[in-house]
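# Residue-level structural notes
Chain residues, written in single-letter form:
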Amino acid sequence: MSKTYNVAIVGATGAVGEAMLSVLAERQFPIGKLHLLASARSAGEKIDYGARKIVVEDLAGFDPAGVDIALFSAGGGISKEYAPKFAAAGAVVIDNSSAFRYDDEVPLVVSEVNPQDLANRPRGIVANPNCSTMQMLVALAPIHRAVGIERINVATYQSVSGAGRSGMEELGRQSAAMLGFQTYEPAKFPVQIAFNLIPHIDEFLDNGYTKEEMKMVWETRKILGDDRIQVNPTAVRVPVFYGHSEAVHLETRQKLSAADARVLLEAAPGVVVVDDRAPGGYPTPVTHAAGTDPVYVGRIREDVSHPRGLDLWIVSDNIRKGAALNAVQLAELVVKERS
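Attention in this report is confined to the structure presented alongside it. Since the model is a prediction, treat every value here as computed from it, not as a measurement.

With that settled, the discussion passes to unusual backbone geometry. Phi is positive for Phe181, close to 60°, though the residue is something other than glycine. Note on placement: Phe181 falls in the loop between α4 (165–179) and α5 (211–224). Here Phe195, not a glycine, exhibits a phi torsion of approximately 55°, which is positive.

Moving on, we come to the packing of aromatic side chains. Using the criterion set out here, one finds four aromatic pairs in the structure. Look at Phe72 and Phe86: their rings are 5.3 Å apart centre to centre, the planes differ by 90°, and that puts the pair in the edge-to-face class. Residue Phe72 is located in strand β5 (residues 69–72), and its partner Phe86 is located in helix α2 (residues 76–88); the two are separated by 14 residues in the primary sequence. Phe86 shares its class with Phe72; the two are buried. For the ring pair Tyr157 and Trp313, a centre distance of 5.8 Å and an interplane angle of 45° mean the geometry is tilted.

What follows deals with the pattern of salt bridges. According to the stated counting rule, one finds 17 salt bridges in the structure shown. Glu150 serves as the salt-bridge partner of Arg308, at 3.5 Å between the closest nitrogen and oxygen. Taken as a pair, Arg308 in the loop between β12 (295–302) and β13 (309–316) and Glu150 in strand β8 (residues 149–158) lie far apart in primary sequence, 158 residues in all. Put simply, Asp275 and Arg262 hold a salt bridge, and the shortest N to O gap is 2.7 Å. One end of the pair, Asp275, is in the loop between β11 (271–273) and α7 (285–289); the other, Arg262, is in helix α6 (residues 258–267), and 13 residues separate them in sequence.

One finds Phe86, Leu140, Ile152, Val248, Leu250, Val297 and Leu312 to be the most contacted residues of the largest nonpolar core, which totals 54 residues. In terms of residues, this core owes the most to one element, helix α3 (residues 131–147), which gives nine residues. In this structure, Val297 is in contact with Ala139, Leu265, Val271, Val272, Val273, Val274, Asp275, Pro283, Leu312, Trp313 and Ile314, ignoring residues within four places of it in sequence. The next biggest cluster of nonpolar side chains, apart from the first, holds 36 residues, and it includes Met20, Ala38, Val109 and Ala324.

About the criteria used
Residues numbered from 1 in each chain as written. Predicted model: local features only at pLDDT ≥ 70, side-chain atom pairs only at ≥ 80, totals over all residues. Heavy atoms only, no water. Helix = DSSP H or I, 4+ residues; strand = E, 2+ residues; numbered from the N terminus. Phe/Tyr/Trp six-rings, centres within 6.5 Å; stacked < 30°, edge-to-face > 60°. Buried < 20%, exposed > 50% of the residue type's maximum accessible area, 1.4 Å probe, protein only. Salt bridge = Lys/Arg side-chain N within 4 Å of Asp/Glu carboxyl O. Core = buried A, V, L, I, M, F, W, Y, C linked by side-chain atoms within 4.5 Å. Contact = heavy atoms within 4.5 Å.

The following block contains the structure:
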């Protein structure tokens, strides 16, 4: 009989928690006991997992003893309070918040990019990167390994699901109201999101960038292990439900042709190249990313303004690969360690 692992999902009733459940089932993760944890107001709800109905438990009163792997997706405050308790009880914690990403004793891991870093986790905690950083580095890591990346200019076009269920509800209701010639005042977002673009995600910092943008700077360097990489991001919220898109301009340390970059990307794990120079021959959030696992790359071309420049268009489902899938892939690496 194959070994099973007791798994807890903290934040099980949220959008990412639900996706984690789906991915665990799809990938036939070897679960023994499965604990679904959330706040007291969600305790007692029943959630389907395969043929089973599992009752949601109150996180505050839960004893983590006996949990082998805990997947956290309930916000930084919850992670800071409870993740160390789960780790102290013997669980490997895989945290989807930003609470531990910049802790030197917590590895920040993308399964296809730096899986070797997962083994060094003295605190018993592994951090999942920001969704935008993650999809970008799945595509850029093979290029960096081949010729080195000197600078990244990136503009992100991030779907409302990145702001949680309330972000999706606001887009849906606001769009419906406007199509009915009614008004719907913004609540989740600072201005109207329906039929609009908002060049602002997370808090503004003293340097004029937002925290979301600076996450891409800090996390890229940590994951690739190279503090020399310069990253210049602009993060934009767009009226799309699922799937983040990124326009990426690279300046490499050695010249790499578009054709050679395409070969590297076609061989890269987790990447699907969609790069036909014809109408529709490129990935979009709706036609490719939403509900799927890969990171899609298209519009691969050499930059006409820089001798070592490359341009890419990168699209992925931010809830799946950007959060749930990578967390489960890290859990699979933990299982592989113990097998």
